[in-house]
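# Coordinates in review
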Amino acid sequence: MTTKTSKPIEGSFQLFEGDFTNAGKASTELRNVLKGLAVADDAVRRAGVAAFEAEMNVIIHGVAGTLHYAVSDGELNITITDMGPGIKDINLAMQEGYSTAPAWVRELGWGAGMGLPNIQKNSDKFKIDTVVGEGTTLQITIFI
Ligand SMILES: Nc1ncnc2c1ncn2[C@@H]1O[C@H](COP(=O)(O)OP(=O)(O)OP(=O)(O)O)[C@@H](O)[C@H]1O
Ligand SMILES: [Mg+2]
């Protein structure tokens, strides 16, 4: 028999393109879960920033997707996956200031091209996989 020292805490949220009404809901709930687990303020802040930017990218660029988080063994793992359209040039997309957001999105205050660079900065581990026509998956790890 194996003995588990800690039960993983996990949850997931559905995300939909253009759903600005619920923008920030997933990352806010995740922050509250982490606070409830007495995670250090700095880790909560970094997780909140990374999750929020990833959540917004699905709502702005990604058709529909899911944010899943799991806390166990001193780390928080967040996976954000969407159903397209994928990213053509990942090196370009990772550059500060690069954005393909349309004018109406910029008018709402998004599209500065800072989301992906900020996710990377705030993560301890960060991986992005994308296939044009299929979708994008981000894996974010934050040590807590
Ligand atoms: N999930 C995604 N699906 C498809 N394309 C994406 C996705 N996430 C990012 N991109 C592409 O990468 C670009 C850069 O993303 P990034 O988050 O850095 O900036 P942004 O979303 O355009 O602006 P900001 O995040 O500052 O509001 C986007 O403009 C878009 O072209
Ligand atoms: Mg963005």
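Residues numbered from 1 in each chain as written. Chains lettered and ligands numbered in written order. Predicted model: local features only at pLDDT ≥ 70, side-chain atom pairs only at ≥ 80, totals over all residues. Heavy atoms only, no water.

## Notes on the layout of surface pockets
Going by this rule: The way it works is a 1 Å grid over only the protein atoms, where trapped points that fit a 1.4 Å probe form a cavity and open points with protein on both sides within 12 Å along at least five of seven lines form a pocket, and then any residue with an atom within 4 Å of a point lines it. Grid points are joined across faces, edges and corners, and a volume is the space filled by probe spheres set on the points. Only DSSP runs of H or I with at least four residues qualify as helices, and only runs of E with at least two residues qualify as strands; both kinds are numbered from the N terminus onward. Gly is placed with the polar residues, together with every amino acid not listed as nonpolar (Ala, Val, Leu, Ile, Met, Phe, Trp, Tyr, Cys and Pro) or charged (Asp, Glu, Lys and Arg).
Estimated volume of the largest pocket: approximately 710 Å³. In terms of lining residues, the largest pocket is bounded by 33 residues, among which Asn57, His61, Ile87, Thr100 and Leu116 are the most central. Those elements that place two or more of their residues in the lining of the largest pocket are helix 2 (41-61), strand 3 (75-82), helix 3 (90-93), helix 5 (115-122) and strand 5 (135-143). Considering every element that reaches the lining of the largest pocket, the biggest residue donor is helix 2, with seven residues. Across the lining of the largest pocket, the residue classes break down as 17 nonpolar, twelve polar and four charged.

## Considering the packing of aromatic side chains
For clarity, the threshold we go by: Any Phe, Tyr or Trp ring, taking Trp's six-membered ring, that has another such ring centre within 6.5 Å forms a pair; planes under 30 degrees apart are called stacked, those over 60 apart edge-to-face, and the others tilted. Throughout this description, buried means an accessible area under 20% of the type-specific maximum (1.4 Å probe, protein chains only), exposed means over 50%, and partly exposed covers the range between.
If you walk through the whole model with that rule in mind, you get three aromatic pairs. Seen in terms of ring centroids, Phe13 and Tyr69 are 6.4 Å apart; in terms of plane orientation they differ by 25 degrees. Their pairing is stacked. On the criterion of sequence distance, the pair formed by Phe13 in strand 1 (residues 9-16) and Tyr69 in strand 2 (residues 64-72) is long-range, its members being 56 residues apart. When its relative accessible area of 7% is taken as the criterion, Tyr69 is described as buried.

## Points about helix 5
Applied cut-off: Should any heavy atoms of two residues lie within 4.5 Å, those residues are counted as being in contact.
Within helix 5 the residues assigned to the buried category are Gly115, Leu116, Pro117, Ile119 and Asn122. Turning to helix 5, the residues buried within the fold contact helix 2, helix 3, strand 4 (125-131) and strand 5.

## Digging into the pairing of strand 2
The condition is simple: Strands are treated as partners if at least two bridges between them are detected by DSSP.
Sheet topology note: the strand 1/strand 2 ladder contains eight bridges and is antiparallel. From the neighbouring strand, Gln14 faces strand 2, where its bridge partner is Thr66. Where strand 2 meets strand 3, eight bridges bridge the pair, whose relative direction is antiparallel. Bridging across to strand 3, Ala70 finds its partner in Asn77. Counted along the chain from strand 2 to the antiparallel partner strand 3, the turn is two residues long, and its residue Asp73 has a positive phi close to 50 degrees.

## Comments concerning the site of ligand 1
Heads up, the condition is: It suffices for a single heavy atom of a residue to lie within 4 Å of a molecule or strand for the residue to be listed as near it. Counted as a polar contact is a pair of N or O atoms within 3.5 Å, where, for protein atoms, one must be capable of donating a hydrogen and the other of accepting one, and residues adjacent in sequence contribute only when both atoms are in side chains. Per-residue accessibility takes into account occlusion by the displayed protein chains alone, with areas from the Shrake-Rupley method and a 1.4 Å probe.
The full set close to ligand 1 counts 21 residues, and His61, Asp82, Ser99, Thr100 and Gly111 are the nearest of them. Asp82 places a side-chain nitrogen or oxygen 2.8 Å from a nitrogen atom of ligand 1. A distance of 2.5 Å separates an oxygen atom of ligand 1 from a polar atom in the side chain of Ser99. In isolation ligand 1 has 600 Å² of accessible area, and contact with the protein removes 94% of it. Only helix 2 and helix 5 provide two or more residues apiece to the shell around ligand 1.

Shape descriptors only; they carry no functional weight alone.
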